[in-house]
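Survey of secondary and tertiary structure
This is what each chain is made of:
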Amino acid sequence: MTKRVFSGVQPTGNIHIGNYLGALAQFVQLQDGNECIYCIVDMHAITLPKNPGELRGNILDVAALYLAVGVDPARSVVFVQSEVPGHAELAWVLMCNAYTGELSRMTQFKDKSRGNESAPAGLFVYPILMAADILLYDADIVPVGNDQKQHIELTRDIAVRVNNKYGPDTFVVPEGRFLKEGARIMSLDDPTSKMSKSAESPLSRISLLDDASVIKKAIMRATTDSDGEIRFDPDRKPGVSNLLTIHSAFTGTPIARTERAYSGRGYGAFKKDLAEIVETSLAPIRGTYEEIRYSEELIRVLKDGAERANAIAERTMKRVKDRFGLGTGRA
Ligand code: AQP
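Residues numbered from 1 in each chain as written. Predicted model: local features only at pLDDT ≥ 70, side-chain atom pairs only at ≥ 80, totals over all residues. Heavy atoms only, no water.

**Here we look at helix α3 (residues 52-69)**
The end-to-end C-alpha separation of α3 is 26 Å, in line with the 26 Å expected for 18 residues at 1.5 Å each. A positive phi of about 125° marks G70, the residue just after α3. (Helix = DSSP H or I, 4+ residues; strand = E, 2+ residues; numbered from the N terminus. Expected span 1.5 Å × (residues − 1).)

Here it is as structure tokens:
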């Protein structure tokens, strides 16, 4: 049976290989045999202040990258979140069915608000907007990075809670689809935190649009350790383990085989080969991106996507309003 797939990426800066391996690569694979809906989640991006001009540019960057990595708008719906009002509407309904206790346990909120006595309320309720994004489309499968596991669990909890109260088929209870365990891509210069678009240091990540020299520099300077042994051990050797994970994700080679291949050869040779592998994998994406980023075709794809997404969202909102007794039921 055809499953419905939903996921999104925030337009918060340069999309990096963590976003690609954790999410975008799966978006492309899941197009075979499923009905896919991929969103640029711009309302999530304003949980922390953004420059308006930059945000608009970032939205089109992410859309162009979706298409450049292989998301096919003839098969998948591609649209911008703020162009479908149902996301904000459903988020409010869900907020009334979630608890401050469960939200305050979200590690991403703790990370992003650390050091501040008070944080924007949007940052706190962000996981509920994410739940609304997913439940609005009756998604069965949500391909995301391992860092989103907790948010998917919350989405499932809210869906089950509402179904128990308002009828078992109010929401489809979605499943997360994650890369295999341990495949969270970590920062290159601080391998104990995840690779992130908003980290200050550009050497912490490889962006999909980086050229060969930037990729090489970031990998050659990646933090490792002093024992010189290429071995996967995330607790004791987080830097080397992260590079092995990246190698395996790009080549499909099991980590154990790579450990054997580089045994006794030191970090330099491994890093040099890895830089070449990453560059060869990203070059075609960069080429296609350049062709479509400033095209009218991109705007047309997003407009058409918003229409198709709105049609589904309106049906869900009608069902939700009927179940909750909102409105007159005659609009
Ligand atoms: N380091 C990562 N490893 C694997 N997957 C990752 N993802 C993000 N970082 C990694 C996955 O990429 C998708 C899009 O992420 P997002 O933009 O919605 O939000 P994020 O997780 O907050 O991403 P960033 O890069 O860390 O952005 P900023 O710095 O803006 O917060 C998601 O599926 C995510 O799991």
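There is more to say, and it comes next.
**Examining the pairing of strand β2 (residues 34-40)**
Summarising burial for β2: six of the seven residues are buried, a large majority. Note: strand β1 (residues 3-9) against β2, seven bridges, orientation parallel. Each residue of the ladder has a partner; that of V9, found in β2, is I40. Each parallel crossover has a hand, and the one from β1 via helix α1 (residues 17-30) to β2 is right-handed. As paired elements, β2 and strand β3 (residues 76-80) share five bridges and run parallel to each other. When the bridges of β3 are listed, C39 appears paired with F79. (Buried < 20%, exposed > 50% of the residue type's maximum accessible area, 1.4 Å probe, protein only. Pairing = 2+ DSSP bridges. Right-handed = clockwise from strand over helix to strand, strands pointing away.)

**Points about the domain arrangement of the protein**
Domain annotation of the protein identifies domain 1 (3-183 + 296-324) and domain 2 (202-290). Using only C-alpha atoms to locate each centre, domain 1 and domain 2 end up separated by 29 Å. Residue-level contacts link 15 residues of domain 1 with 14 residues of domain 2. In this assembly, domain 1 packs against domain 2 so that about 1200 Å² is buried in total across both faces, 77% of it on carbon and sulfur atoms. When the buried area of domain 1 at its contact with domain 2 is split by residue, I17, L21 and A68 rank highest and sum to 39% of it. At the boundary of domain 1 and domain 2, one finds zero salt bridges. Connecting domain 1 to domain 2 are three residue pairs in polar contact (both at pLDDT 80 or more). Listing elements by their share of the side of domain 1 that touches domain 2, those giving two or more residues are α1 and α3. Ranked by residues supplied to the side of domain 1 that touches domain 2, first place goes to α3 with five residues. Along the lines of polarity and charge, the residues of the side of domain 1 that touches domain 2 split into 10 nonpolar, three polar and two charged. (Domains from an automatic or database assignment. Contact = heavy atoms within 4.5 Å. Buried area = accessible area lost by both parts, 1.4 Å probe. Salt bridge = Lys/Arg side-chain N within 4 Å of Asp/Glu carboxyl O. Polar contact = N/O pair within 3.5 Å; in protein donor to acceptor, adjacent residues only side chain to side chain. Nonpolar A, V, L, I, M, F, W, Y, C, P; charged D, E, K, R; others polar.)

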